[in-house]
Structure formats: C-alpha cells, structure tokens
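# Summary of structural features
Spelled out from the first residue to the last, the chains are:
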Amino acid sequence: MSTLRLPFLSSPVFRLAAALLLAGGTTACNQNAKTETNTTTTAKPEAATRPTPAALAKPAGWWKETVVYQLYPRSFQDSNGDGVGDLKGIISRLDYLKSLGVGTVWLNPIYASPNDDNGYDISDYRQIMPESGSMADFDELLKGMHARGIKLVMDLVVNHSSDEHAWFKSARASRTSPYRDYYYWWPAEKGTPPKRYSTFDVKHDAWQYDAPTKSYYLHYFSKKQPDLNWNNPKLRQEVHNIMRYWLDKGIDGFRMDAFQFVAKDPAFPPMPPVTASTFTNAYNHGPHLHDYLKEINREVLSHYNAMTVAEGAGRNTAEAMLFVDPARKELDMTYTFEGTGVGSDADTYKLTDLKRVYTHWDSAFAQKGWQAIDLGNHDQPRMVSKFGDDRPAFRAPSAKLLNTFLLTMRGTPYCYNGDELGMTNSQFTGIADYRDVAARNAYALLKQQGGDEKAFFHNLARFSRDNSRTPFQWDASANAGFTTGTPWIKVNPNYLTLNEASQDKDSASVLNHFRRALALRQQHKVLIHGQYQLLDATNPNIYAYTRTLGSEKVLVVLNFSSVPRTWPLPAGLTPSGKPWLNNYPQAVPGGPAFALQPWQAVVVALR
Ligand code: NOJ
Ligand code: CA
C-alpha cells in the first residue's frame, strides 16, 4: 500500500484511499452545475477598486487579533428540509456566532459546483450553488455578519476548477478554444505525457486522456478537478477579477486552497518518481509561485484591507516565511499541517511531538510573519477524538483543554465548528454511512481487490474526513435540530446529550468554557502577541508554556492525559492570584507543584 503525505489528507485512511481510489468518482449532485456568466470572452483587467469605508475602518493587522471560526455550510443548519445546510440556515444562527465572540468566519466553498469534492470543484466562481441558496441569501448573510461585527473569509480554489466550468468545457472542445491555455494539455501525438502524480486518481495518474481533442489534461486532484494554468496571464487576470468581485461585495479575505501547487513548469520536464509521501513536497513551490503572489498583492490585495491565509504553504518554516514576510508583500498568514498531522500515525502519537512542532513553528515567526493555530478542520478527524479523550468521562475536560490551547497560543486561532461543543468523531457502522468520495471509492476497490476489512473500517472510524462533517448538534430534537428532513450525512447519536442548547444553559459546559477562553484572549493582548516559551519540553504528559508581553507574564499548564498528574513549578515562576481560566472547579493548590486533574487546563498570571 502506498502512503499519502498530503497536508490536508495526512491521515492513514487517506493513504489507504490514495492507494485505492477509483478515478474521479462523482457524487449525486451534478445537476447543480452552472456556467460562469461573464467570462465568455477572455478576461480584461478591471480597474482596481477603491477601498470601501468599511474596509478602511479595519485596523491594519486586524487578522492577528481575530479568532476565526471555520464554518462547514453543508453541515451547519438546514433551513428548507432538504437535509443540506444552507445560507439561510446560517443566517438563522448569526446570533449564535455572535455569542461565541468570534471575530471572523471562514466559510467553506458555497460556489456553484457539481460537488465531486464537496465544493472544492468550482463550476462558476461568481455563483452560489443552489443547495446553498441564492446570491441574495449570500448578501444578507454578509450584511448580517458585518452588523454583528463578524468578518467573512471565503475559500479561493484556483489550483483547479471543475471540469464542468465553462472554461474547461470550451477548452476541451477544441484545440483553438480561447480557453485552451487556461488548462494544461499534452497532445497525444507527442506520446505519453511525462509522469505526474494525482492524489485522487485510482492509478495516481494526473493525466487524463480526453478524446475530443486527442490530448491529455492535468489534474493533481480528481479528474473532475482539472488544474488551471497559471503561466497564462489571462487566467491570472481572471483570478484577480474573481477576487475583486468578492472583495467588492465586502468580504474580508480569502483562504487560499492548495495554493502551494499552482505554479508548474509547462514543459513538464522529467521528474524523479513521486509517491504519496513525496507528493506535497515534490509539487510545492513551483516556478514563479512568489511572482504570482506578488502580482495578486499588487493588483488586488493592496487595494483592500483583506486577510489572506495560505493552506499548507511552504515545505518548512523558511519557505513558509517567504509567503508571509510582510516586506515581501505576498500573504498575511500561513497554516502548517505539521500540527494537525501529528497523531495521524495514530499509534505513535506523542505529546512531545505536538509540543516540538508547535514550538518550532512559533519560533519561526517570533520576529516577523504570522501563522494560524488549529487542531482540526473539515479534512481532519475531530480534535477531541484525536488529541483528547472522547470517552464520556473525559470528553468535556479534554475538549476544554484543547480549546484553551488554541486560544492561548501565539498566532490566529482557527476553531472548527462543533469543536466549541467538543463534538466527537462519527459513530458510523458501515460504508453506507460514509459520504466522502475517497472513503467510498477506497471501499469499492477493497471489495474488488480483497483486503483487511476490519482494519479498513478501524482506520476509517478514526481518520475519515466525514468524522468532522456530521451535522452540527443544536439540540436534542430529531436530527439534532439540523434539519426537518433526512440529513445528507448521519447525525452523531450522541447529540441527545451533546448539543448546543444544553451546553448554552450550563455555565460549566465546553461551550461556555470556549466563550470564556475567547473573551480572555480578547481582553489580554499578552495572549495574542506575547512571546511564547515552552517549559519542560520532554514531559510526556504536560504541555506548559509562558506568554510574555512587557511586564505581563502568563503561565498555561495543560495536563494532556486522563489521569491526575503533579507538575513541579519551575524555579522562578510564581503564580499571582486566582487562575484566569481553569476547566475544573477545584483550584490548583499553590506551592511548589501543581496537582492537576485529568485534562486540567489552567491559565494563571505570574508575578
Ligand atoms: C484542500 C481542501 O481543504 C480539501 O477539502 C480539498 O479536497 C483539496 N484542497 C482540493 O481542493
Ligand atoms: Ca437546505
């Protein structure tokens, strides 16, 4: 079995899926495809737009001081009973978002899409997919967020489009199409194209033969996600115009999907063989990547006060800095997958690895640049099931501890929806429960070729992307209050006891702990900007660090284990007063050592 080292798919199940995936499977939603409306001719640059007054009102660097809430629209709130979450559903929950105190929402893709990869295959960058609602709904959502002081960040998915995008439909129809060079083609008369690796293709072949023009096209992801040709200035102008379109609507930034892959040498010179584990590094950082980013900054971003976050940018901290060094005028922040990647080899997970990775990445940005802090997202299992302990006795304290970590580190915290409640991995019982095309196709191949089903399902239960995509658990009513219809993916049965309504009422809940931790961060700049210093690096159970800003110093002590632990206070550290935050009612006894309960998390000022 080959291994897969994709940043967002770094778990064993995806290594399995990579090995087993059937080429470019489609989901049931193809009827939603639309065409890009205003791109029937090649793009012309639009005049750079003047910043809106609202944009001017945002203080420079606002994105360092915000907390981002990642919202997966398909699973958040259904408003019309079709079982799929939608924009009207989110609108009905705006006061909940406000109650969390988050400053920014990152919305996963809601653009027109045949949903081969749940919206990461876009068929029209200026339309809303019908399942999500209409542009009027979007405008209302944005207005409602802004009215509540919440900013909105959207995904920018431009390493590839959908094969159902008007550009690709035209490009594949004729070698003389004006859109032909928006994509990469290898004419069959030149023979077999040079080997390139695809993650979502069953044969891992990134070249798909297309009969109408007797050519192959390139797709690093599924064959329904053809790669866009960034060497073509017209394509780049199209992207700039798409960005302006959304920024002019008033959105506050972009999460740049798979951006590390956009730059490619169009000659496709021979490369050393690429495998699942070398894919990310091999195709990362192609020629002119930074030129493209500088161009985006010059043409678009410099005219707005928008934030940008690059997915998995850079193979190491030095490369990551190239994206976010302010002097280079490219992007604002990056997030590494090394953090969420820890623990993906489930049986070898060690807290010391987590500490090492987060500390290393913090030190890289100690002087300049900025990073995101996250422990989960829509491509990862639930953080409490992976890094905490989701058994009933420990779920709440460990979820509180993980949220304490996210909200007391240096960098912008990204909270994935549901993690503020401590939502857990799904409890699926068979392949029929899974929706992710990767899981389903991997299983189909397993059935064809034979293999260890028990191990397969064990792996899926721990690492499937569907773990984090089950419906948001609002209350104890049918389907957790997510839908009145049949949810597109099963609700986790633990919604009867684990839900927002019951936690909202309980001041000791995970939800209210999250709100307190977030408010604390907003009150104390030391928690945002303060220097981070790891303590007791080799301790296998305790993650402890200080944050220091001027004369203010704070200690964070996290017992990452399900048993009580004693942690001797390092010499010279003297706690001052009551803890700022504690996920247990019991005070931490003072003196030379902390006596910590299982998963106890304490934040306390130091003298
Ligand atoms: C990263 C996204 O997070 C993931 O969900 C998607 O499959 C790939 N990029 C391809 O767009
Ligand atoms: Ca719906």
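Residues numbered from 1 in each chain as written. Chains lettered and ligands numbered in written order. Predicted model: local features only at pLDDT ≥ 70, side-chain atom pairs only at ≥ 80, totals over all residues. Heavy atoms only, no water.

### Focus on the overall build of the protein
Here is the rule: Secondary structure elements follow DSSP: runs of H or I no shorter than four residues count as helices, runs of E no shorter than two count as strands, and numbering proceeds from the N terminus. Contacts: residue pairs with any heavy atoms within 4.5 Å of one another.
When helices and strands are counted, the protein shows 19 helices and 20 strands. Nonlocal contacts in the protein, meaning residues at least 24 apart in sequence, comprise 71% of its contacts between residues at least 6 apart.

### Here's the deal with the nonpolar core
This is how it is decided: Buried residues of nine kinds, namely Ala, Val, Leu, Ile, Met, Phe, Trp, Tyr and Cys, make up a nonpolar core once their side-chain atoms join them within 4.5 Å. The buried label applies to any residue whose accessible area, calculated with a 1.4 Å probe on protein chains only, is under 20% of its type's maximum; exposed applies above 50%, and partly exposed to all values in between.
By size, the foremost hydrophobic cluster in this structure holds 123 residues, and its most contacted members are Tyr-69, Tyr-96, Leu-97, Phe-138, Met-154, Trp-230 and Tyr-543. Beyond its immediate stretch of four places on either side in the chain, Tyr-96 contacts Tyr-69, Phe-76, Glu-420, Leu-421, Phe-472, Trp-474, Glu-500, Leu-511 and Arg-515. Core analysis: the next-biggest nonpolar cluster, separate from the first, contains 16 residues, Tyr-197, Leu-218, Phe-221 and Ala-276 among them.

### With respect to the environment of Arg-315
Formally: Here a polar contact is recorded for every N or O atom pair within 3.5 Å, except that within protein the pair must consist of a potential hydrogen donor and a potential acceptor, and residues adjacent in sequence are included only if both atoms are side-chain atoms.
Secondary-structure assignment places Arg-315 in the loop between strand S10 (307-311) and helix H10 (317-324). On the basis of relative accessible area, Arg-315 is assigned to the partly exposed category, the value being 36%. C-alpha separation for the pair Arg-315 and Ala-282, spaced 33 residues apart in sequence, amounts to 9.5 Å. Leave out the neighbours within four places in its chain, and Arg-315 touches Asn-281, Asn-284 and His-285. Among the polar contacts listed, one links the side chain of Arg-315 to the backbone oxygen of Asn-281, at a separation of 2.9 Å.

### A look at the pattern of salt bridges
Counted only if it meets this: Whenever a carboxyl oxygen of Asp or Glu lies within 4 Å of a side-chain nitrogen of Lys or Arg, that contact is scored as a salt bridge.
For the structure shown, the criterion picks out 33 salt bridges. Note that Asp-137 is salt-bridged to Lys-88, the shortest N-O span being 2.9 Å. Of this pair, Asp-137 sits in helix H5 (residues 135-147) while Lys-88 sits in helix H3 (residues 87-92); the two residues are 49 residues apart in sequence, bridging distant segments of the chain. Its salt-bridge partner being Glu-299, residue Arg-298 comes within 3.9 Å of it at the nearest N-O pair.

### Topic: empty space enclosed by the protein
Cut-off, in case you're wondering: Here a cavity denotes grid points, spaced 1 Å and computed from the protein atoms alone, that fit a 1.4 Å probe unable to get out, and a pocket denotes an open set having protein on both sides within 12 Å along at least 5 of 7 lines; residues with an atom within 4 Å of a point are the lining. Grid points are joined across faces, edges and corners, and a volume is the space filled by probe spheres set on the points. Residue type decides the class: Asp, Glu, Lys and Arg count as charged, Ala, Val, Leu, Ile, Met, Phe, Trp, Tyr, Cys and Pro as nonpolar, and the leftover types, Gly among them, as polar.
The tally for this structure, following the rule as stated, stands at six cavities of 30 Å³ or more. For the second largest cavity, the calculated volume is near 100 Å³. As for the second largest cavity, its lining consists of 14 residues, and the residues nearest its centre are Pro-73, Arg-74, Pro-109, Met-129 and Ser-132. A breakdown of the residues in the lining of the second largest cavity according to their chemical character gives six nonpolar, six polar and two charged.

### Structural notes on the side chain of Asn-467
Relative to the elements of secondary structure, Asn-467 occurs in the loop between helix H16 (453-463) and helix H17 (500-505). On the accessibility criterion, Asn-467 (0% relative accessible area) is buried. Of note is the side chain of Asn-467, whose polar atom sits 3.1 Å from the backbone oxygen of Ala-461. Discounting chain neighbours no more than four positions away, the residues touching Asn-467 are Pro-381, Arg-382, Thr-424, Asn-425, Ser-426, Leu-460, Ala-461 and Arg-462.

### What to know about the packing of aromatic side chains
Convention followed: Stacked, edge-to-face and tilted are the three classes for Phe, Tyr and Trp ring pairs, Trp counted by its six-membered ring, which pair at centre distances within 6.5 Å; planes under 30 degrees apart are stacked, over 60 edge-to-face, the rest tilted. By definition, being over a ring means that NZ of Lys or CZ of Arg is both within 6 Å of the ring centre and within 35 degrees of the ring normal.
Scanning the model with the defined rule gives 48 aromatic pairs in all. Look at Trp-230 and Phe-259: their rings are 5.4 Å apart centre to centre, the planes differ by 80°, and that puts the pair in the edge-to-face class. Highlighted residues: Trp-230 in the loop between strand S8 (215-218) and helix H7 (233-249) and Phe-259 in the loop between strand S9 (253-256) and helix H8 (279-283), separated in sequence by 29 residues. The exposure class assigned to Trp-230 is buried, which follows from its relative accessible area of 0%. Taking NZ or CZ as reference, Arg-74 lies 4.5 Å from the ring centre of Trp-488, over its face.

### Let's talk about the coordination of the calcium ion (ligand 2)
Tetrahedral coordination by four donors places them ideally at 109.5 degrees to one another around the metal; octahedral coordination by six donors ideally gives 90 or 180 degrees. Selection rule: Shown as donors are all N, O and S atoms within 2.8 Å of a metal ion, widened to 3.2 Å for Na, K and Ca; because water is not in the atom set, sites may appear incomplete.
Bound to the calcium ion (ligand 2) are the protein donor atoms Asp-78 (OD), Asn-80 (OD1), Asp-82 (OD), Val-84 (O) and Asp-86 (OD), situated 2.2 to 2.4 Å from the metal. The sequence pattern formed by the donor residues of the calcium ion (ligand 2) is D-x1-N-x1-D-x1-V-x1-D. Of the residues examined, Asp-82 reaches a relative accessible area of 36% and is grouped as partly exposed. Judged by its relative accessible area of 5%, Val-84 falls in the buried class.

### Brief notes about the environment of Thr-278
Tracing the sequence through the fold places Thr-278 in the loop between S9 and H8. Here Thr-278 falls in the partly exposed class, since its relative accessible area comes to 34%. Along the sequence, Thr-278 and Tyr-197 sit 81 residues apart, while their C-alpha atoms lie 9.8 Å from each other.

### Section: the pairing of strand S1 (residues 68-71)
Let me state the cut-off plainly: The pairing criterion is simple: DSSP has to find at least two bridges between the two strands.
In S1, alternate side chains face the same way, and those of Val-68 and Gln-70 on one face and Tyr-69 and Leu-71 on the other are all buried. Sheet topology note: the S1/strand S2 (residues 104-107) ladder contains four bridges and is parallel. Following the sheet pairing, Leu-71 is matched in S2 by Leu-107. Summarising the sheet, S1 and strand S13 (residues 412-416) pair through three bridges and their orientation is parallel. Bridge pairing links Tyr-69 to Cys-415 in S13.

### A word on the sheet that holds S10
Pairing is parallel across the open sheet formed by eight strands, whose spatial order is S11-S10-S9-S5-S2-S1-S13-S12. Lying at the two open borders of the sheet, with one neighbouring strand each, are strand S11 (333-335) and strand S12 (372-373). With four bridges joining them, S9 and S10 adopt parallel strand pairing. Opposite Gly-253, over in S10, you have Met-307 as the bridge partner.

### Brief notes about the packing of H5 against H7
Any two packed helices are characterised by how steeply their axes cross, that is the angle between the axes, and by the distance between the axes. Stated formally: Fitted lines through C-alpha atoms give the axes, limited to the stretch in contact for helices. The angle between two N-to-C directions lies from 0 to 180 degrees. Any angle that falls under 35 degrees is termed roughly parallel, while one over 145 is termed roughly antiparallel, one within 65 to 115 roughly perpendicular, and all others oblique.
Remark: H5 packs on H7, axes separated minimally by 11 Å, with the N-to-C direction vectors making an angle of 55°. In terms of their interaxial angle, H5 and H7 are classed as oblique. Note on element contacts: H7 touches H5 through Tyr-245, Trp-246 and Lys-249, opposite Met-135, Phe-138, Asp-139 and Leu-142. Per-class residue counts for the contact of H5 with H7 are five nonpolar, no polar and two charged.

### A word on the confidence of the model for the protein
For clarity, the cut-off: What pLDDT reports is the predictor's confidence in each residue, on a scale of 0 through 100.
When the pLDDT values of the protein are averaged, the result is 89; 90% of them are 70 or greater. Here residues 37-53 scores under 50 on pLDDT; set against residues more than four positions off or in separate chains, the count is 36 contacts.

### A look at the environment of Asp-506
Within the secondary structure layout, Asp-506 lies in the loop between H17 and helix H18 (510-523). A relative accessible area of 38% places Asp-506 in the partly exposed class. A polar contact is formed between the side chain of Asp-506 and the backbone nitrogen of Ala-508, at a distance of 2.8 Å.

### A look at the packing of helix H15 (residues 437-449) against H16
For the pair H15 and H16, interaxial distance at closest approach is 11 Å and the crossing angle is 175°. One way to sum up the angle between H15 and H16 is to call them roughly antiparallel. Residues Ala-439, Ala-442, Tyr-443, Leu-446 and Lys-447 of H15 touch H16, and the partners they reach there are Glu-453, Phe-456, Phe-457 and Leu-460. Residue composition of the contact of H15 with H16, by class: seven nonpolar, no polar and two charged.

### What to know about the site of ligand 1
The condition that has to hold: We define proximity as follows: a residue is near a molecule or strand when any one of its heavy atoms falls within 4 Å of that partner. Residue-level accessible areas treat just the shown protein chains as cover; the underlying method is Shrake-Rupley with a 1.4 Å probe.
Surrounding ligand 1, one finds twelve residues, the nearest of these being Asp-117, His-160, Asp-257, His-378 and Asp-379. In the environment of ligand 1, an oxygen atom lies 2.8 Å from a nitrogen or oxygen atom belonging to the side chain of His-378. For ligand 1, an oxygen atom lies 2.5 Å from a polar atom in the side chain of Asp-379. Starting from 300 Å² of accessible surface for ligand 1 in isolation, the protein chains cover 100%. Partitioned by chemical class, the residues of the shell around ligand 1 number four nonpolar, two polar and six charged.

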